[in-house]
Amino acid sequence: MTTPLHFARVSRFVPLLSLSFTLSLAACAVSQQQEVALGQQAADQVKTQMAMLNDGVVTAYVSALGNSIARKTSRSDLSWQFTVVNTDVVNAFALPGGFIYVNRGILSRAENESELAAVIAHEIEHVVRRHSVKQMEQAQGANIGVSLACVLTNVCNNQAAQAAIQVGGTAVFAKFSRTDEKQADDGGFQNVIRVGISPRGMLTFFQKLLAEEQQSGGSGATASWFADHPGTQDRIDDVRQMLANTPSATLNALRSDSPDYQNMKRRLAQLPAAPKAATR
Ligand SMILES: [Zn+2]
């Protein structure tokens, strides 16, 4: 009976030491708590570097849609957060721990709820499958361990540690492999069906982005999306296959749009135009 007390006392007095020791040695199995802490740190950085769209109607809708999808995944226990970035650049991204960002360029191009849900559900699936966390665990680098320790213990005031945080930041924002992207598409496809939304929007939205990309010659608002999401034609083919494998009775029972979505679109059209930045 004394063992638990002993452990409690030890962990209370040496948490920082044991934490950095474990992380730099194991480099590392990332717990959910660590994942959320990393995501939060990255989210704080994002907040200082990107302009967010702070409109009540738009953000409430995106947040409600995102949460409805996330809550039906295996990681419903995360405190999911959905943010709209005020840029016309077409992109969306996910940080570890459930921080999802959708650029306004996605909202303005998505014609119905099904198209936007597909993008959000894809990003959610990256988090559900812990894609960026797995990259960090595989990195096996001391820098990652140091970075994690910095995030979690707040002890990094020297330059070397700050540099390590940058390395950690890069890992957090690392690009996903094509395998990861396919998994996010496959899972995202199921995620939208689970909340009663048609996955057809995944196909139509990819097609739309591909058409815009081809028209712009790779230098338009969609360039960032295609840099982050290679193999769009393959993905379109995969989605087509998944649609073909889904009974039409199932597909036809799902909704493609909602009054709330169109209400959000009307609101978006009333807002001052997003800055047309050349980069993310
Ligand atoms: Zn992705």
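The structure reproduced in this document is the subject of the present report. (Residues numbered from 1 in each chain as written. Predicted model: local features only at pLDDT ≥ 70, side-chain atom pairs only at ≥ 80, totals over all residues. Heavy atoms only, no water.)

1. Comments concerning the overall build of the protein chain
Here's step 1: Looking only at helices and strands, the protein chain has 15 helices and 3 strands in total.
Here's step 2: Across the protein chain, every contact between residues at least 6 apart in sequence was considered, and the portion connecting residues at least 24 apart equals 75%.
Here's step 3: Summing over all exposed atoms, the protein chain offers an accessible surface of approximately 13500 Å²; the carbon and sulfur share of this is 54%. (Helix = DSSP H or I, 4+ residues; strand = E, 2+ residues; numbered from the N terminus. Contact = heavy atoms within 4.5 Å. Areas by Shrake-Rupley, 256 points an atom, 1.4 Å probe, with all protein chains shown as cover.)

2. Regarding the coordination of the zinc ion
Here's step 1: Here the zinc ion is held by the protein donor atoms His-122 (NE2), His-126 (NE2), Glu-181 (OE) and Glu-181 (OE), which lie 2.0 to 2.7 Å from it.
Here's step 2: Coordination at the zinc ion comes from 4 donor atoms whose angles at the metal span 52 to 136°, giving a geometry best classed as irregular.
Here's step 3: On the primary sequence, the residues serving as donors to the zinc ion are separated as H-x3-H-x54-E. Residue His-126 is found in helix 6 (residues 113-128), and its partner Glu-181 is found in helix 10 (residues 178-194); the two are separated by 55 residues along the sequence.
Here's step 4: Owing to a relative accessible area of 3%, Glu-181 belongs among the buried residues under this scheme. (Donors = N, O, S within 2.8 Å, 3.2 Å for Na, K, Ca; no water. Tetrahedral: all angles 85-135°; square planar, octahedral: opposite > 155°, others 65-115°. Buried < 20%, exposed > 50% of the residue type's maximum accessible area, 1.4 Å probe, protein only.)

3. Description of the packing of aromatic side chains
Here's step 1: The tally for this structure, following the rule as stated, stands at 3 aromatic pairs.
Here's step 2: On the basis of an interplanar angle of 15° and a centroid distance of 6.3 Å, the ring pair of Trp-80 and Phe-82 is categorised as stacked. The two residues Trp-80 and Phe-82 agree in class, both being buried.
Here's step 3: Seen from their ring centres, Phe-93 and Tyr-101 are 4.6 Å apart, and the 10° between their planes marks the pair as stacked. (Phe/Tyr/Trp six-rings, centres within 6.5 Å; stacked < 30°, edge-to-face > 60°.)

4. Here's the deal with the environment of Val-239
Here's step 1: As for its position among the elements, Val-239 is in helix 13 (residues 232-245).
Here's step 2: A relative accessible area of 0% means that Val-239 is categorised as buried.
Here's step 3: Along the backbone, Val-239 and Arg-200 are 39 residues apart, and their C-alpha atoms lie at a distance of 8.4 Å.

5. Some remarks on the side chain of His-131
Here's step 1: Among the secondary structure elements, His-131 is positioned in helix 7 (residues 131-139).
Here's step 2: By relative accessible area, His-131 is classed as buried at 2%.
Here's step 3: Within polar-contact distance, the side chain of His-131 engages the side chain of Gln-183 at 2.8 Å.
Here's step 4: If sequence neighbours within four positions are ignored, His-131 has contacts with His-126, Phe-176, Asp-180, Gln-183 and Ala-184. (Polar contact = N/O pair within 3.5 Å; in protein donor to acceptor, adjacent residues only side chain to side chain.)

6. Some thoughts on the packing of helix 4 (residues 56-70) against helix 15 (residues 259-270)
Packed helices, taken two at a time, are described by their axes: the angle between them and the distance between them.
Here's step 1: The N-to-C vectors of helix 4 and helix 15 enclose an angle of 145°; their axes lie 9 Å apart at closest approach. In the crossing of helix 4 with helix 15, the sense of the turn from one axis to the other is left-handed. Counting all contacts with helix 4, which are made through Val-57, Val-58 and Tyr-61, the residues of helix 15 involved are Asp-260, Tyr-261, Asn-263, Met-264, Arg-267 and Leu-268.
Here's step 2: For the contact of helix 4 with helix 15, the class distribution of residues is 6 nonpolar, 1 polar and 2 charged. (Axes fitted to C-alpha atoms, helices over the stretch in contact; angles between N-to-C directions. Left-handed = near helix turned anticlockwise from the far one by under 90°. Nonpolar A, V, L, I, M, F, W, Y, C, P; charged D, E, K, R; others polar.)

7. Examining helix 11 (residues 200-216)
Here's step 1: With 17 residues, helix 11 ought to run about 24 Å at 1.5 Å a step, and its terminal C-alpha atoms sit 25 Å apart, in line with that.
Here's step 2: Every buried residue of helix 11 is accounted for by Gly-201, Met-202, Leu-203, Phe-205, Phe-206, Leu-209, Leu-210 and Glu-213.
Here's step 3: Close packing links the buried residues of helix 11 with helix 5 (104-109), helix 6, helix 10, helix 12 (223-228) and helix 13. (Expected span 1.5 Å × (residues − 1).)

8. Describing the nonpolar core
Here's step 1: Counting 51 residues, the largest nonpolar core has Val-58, Trp-80, Leu-107, Leu-116, Ile-120 and Ile-124 as its most contacted members.
Here's step 2: For Val-58, the residues in contact, after removing those within four places along its chain, are Leu-53, Val-84, Leu-107, Met-264, Arg-267, Leu-268 and Leu-271.
Here's step 3: Counting residues in hydrophobic clusters, the runner-up holds 9 residues, among them Ala-43, Val-46, Phe-93 and Leu-95. (Core = buried A, V, L, I, M, F, W, Y, C linked by side-chain atoms within 4.5 Å.)

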